[in-house]
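# Structural overview
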Amino acid sequence: MQPDRNRHFGTKLVLWDIDGTLLHTDGIAGETMRAAMEQTFGATVRQERTFYSGKTDRQIIQETFPHLTLSSVLEQLQVFIAVYVAEFERQREAVLARAGVMPGTRAVLDHLHTRAIQAPLTGNVAPIARMKLDWLGLLDFLHFEVGAYGDDHHERSLLVPIAAERASRYYGRSFSGHDLVVIGDTPHDIRCGKLNGTRTVAVATGPYSVDDLQIYEPDAVLPDLRDLPAVLTAIWGEYV
Ligand SMILES: [Mg+2]
């Protein structure tokens, strides 16, 4: 979506994690990514779900293949992305059959649509993020071009300034501190928000429970996105 930059979208830039927060692919994306990594970089060891969750795709590649230098990962990155995109496209029917939007998500995105700028902040490489959001009908709620992605940087916390810079270039004003809200399902998302001084909301619809997430002291923790007033309070910091 290319929103009208002169339209009023409130003062907040809400940065949404994708997997485990807005939607799930029932493991298909992870399996496809492992296959694409094997094709591009060599054999991998199968890893448990929490190894992947919250990390950027570049970070996962670097941790899966520690013998590769950063420059060799970057050299091969576009090849990996092309393989991953082609493989994921082939999985489209399975994704449509098995993937799902997290409960309450559409109502929250719809409510915030005219009240805030919303964009993805995800470890997914951008073309995969776009396919997931498009296939599950969420793309039109988000300003995809001001988001930040796993091919922008391997360190998730450095995706926040990238998104803030893209948004400020587009909307002609700066976004910092609590103008920014980071929402995600893992300790990595919480750390990323806190390191950048954003408002940080955790949601326990991924592999971590409310108690697990609370340990990392986000500004708010939600069991899921179903209770719209509670979600809005968590995002704004007060009920509006
Ligand atoms: Mg996630």
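Worth saying up front: this structure is predicted, and the values here are computed from it rather than measured. (Residues numbered from 1 in each chain as written. Predicted model: local features only at pLDDT ≥ 70, side-chain atom pairs only at ≥ 80, totals over all residues.)

Right, let's get into the overall build of the protein. On a plain count of helices and strands, the protein comes out with eleven helices and seven strands. Computed over its C-alpha atoms, the radius of gyration of the protein comes to 17 Å, within 12% of the 18 Å expected for a compact globule of 240 residues. Each of the three principal axes of the protein carries a C-alpha extent, and together these read 50 × 35 × 35 Å. For the protein, with 240 residues in total, the buried portion stands at 41%. Of the contacts formed within the protein by residues at least 6 apart in sequence, a portion of 67% connects residues at least 24 apart. (Helix = DSSP H or I, 4+ residues; strand = E, 2+ residues; numbered from the N terminus. Rg over C-alpha atoms; globule rule 2.2 N^0.38 Å. Buried ≥ 20, exposed ≤ 12 C-beta atoms within 10 Å, placed from the backbone. Contact = placed C-beta atoms within 7 Å.)

Moving on, we get to the pairing of strand S5 (residues 180–184). The buried fraction of S5 amounts to five of the five residues, a majority that puts the element mostly inside the structure. Bridge count between strand S1 (residues 13–16) and S5: four bridges; the pairing is parallel. What sits directly across from Trp16, in S5, is Ile183. Of the pairings in the sheet, the one linking S5 to strand S6 (residues 199–203) comprises four bridges and is parallel in character. Bridge pairing links Val181 to Arg199 in S6. (Pairing = 2+ DSSP bridges.)

Residue alternation in strand S4 (residues 117–120) divides its side chains into two sets, Ile117 and Ala119 and Gln118 and Pro120, and both sets are buried. One ladder, built from four bridges, connects S1 with S4; its direction is parallel. Residue pairing for S4: Leu15 is matched across the bridge by Ala119.

In terms of domains, the protein is made up of domain 1 (13–24 + 101–236) and domain 2 (28–97). Here domain 1 and domain 2 have C-alpha centroids that lie 22 Å from each other. Contact with domain 1, which involves 22 residues of that partner, is made by 19 residues of domain 2. Only helix H7 (126–135) and helix H9 (187–195) provide two or more residues apiece to the side of domain 1 that touches domain 2. Sorting elements by how many residues they give to the side of domain 1 that touches domain 2 places H7 first, with five residues. Here the residues of the side of domain 1 that touches domain 2 sort into seven nonpolar, ten polar and five charged. (Domains from an automatic or database assignment. Nonpolar A, V, L, I, M, F, W, Y, C, P; charged D, E, K, R; others polar.)

Quick look at unusual backbone geometry now. Unlike most non-glycine residues, Asp26 shows phi in positive territory, near 55°. If you trace the backbone, Asp26 turns up in the loop between strand S2 (23–24) and helix H1 (28–41). What makes Asp26 partly exposed here is the crowd of 13 C-beta atoms within 10 Å.

Below, the discussion takes up the sheet that holds S5. Strands sit in the order S4-S1-S5-S6-S7 across an open sheet of five strands; the sheet is parallel. Bordering the open sheet on either side are S4 and strand S7 (220–222), each of which pairs with just one other strand. With direction set aside, neighbouring strand axes in the sheet form an average angle of 20°. Across the sheet, H9 lies against S5 and S6, angled at about 175° from S6, the strand it touches most. Sheet contacts for helix H11 (residues 228–236): S1, S5, S6 and S7; angle to S7, the most-contacted strand, approximately 155°. (Axes fitted to C-alpha atoms, helices over the stretch in contact; angles between N-to-C directions.)

Time to look at the environment of Asp140. Of note, Asp140 is situated in the loop between H7 and helix H8 (159–171). Through-space distance from the C-alpha of Asp140 to that of Leu109 is 9.7 Å; in sequence the pair is 31 residues apart.

Considered for burial, the residues of helix H3 (residues 57–64) that qualify are Asp57, Arg58, Ile60 and Ile61. Down the axis, H3 shows its buried residues gathered within 160° of arc, on one side only. (Arc of directions from axis to C-beta.)

Further remarks concern the nonpolar core. Counting residues in hydrophobic clusters, the biggest one holds 57 residues, and the most contacted among them are Leu13, Val14, Leu15, Ala119, Leu121, Val160 and Ala163. For this core, the leading source of residues is H8, giving five residues. Three or more residues apiece are contributed to this core by two domains, here domain 1 (13–24 + 101–236) and domain 2 (28–97). The contact partners of Leu121, leaving out residues within four places of it in the chain, are Leu15, Trp16, Asp17, Gly147, Ala148, Leu159, Val160, Ala163 and Val182. (Core = buried A, V, L, I, M, F, W, Y, C linked by C-beta atoms within 7 Å.)

Compared with an ideal rise of 1.5 Å per residue, which puts 21 residues at 30 Å, helix H4 (residues 70–90) spans 29 Å between its outermost C-alpha atoms and is within 8% of the ideal. Along H4, the sharpest change in direction is near 45° and occurs at Leu77. Elements in contact with the buried residues of H4: H1, H3 and H7. (Expected span 1.5 Å × (residues − 1). Bend = angle between axes of the 7 residues up to and from the residue.)

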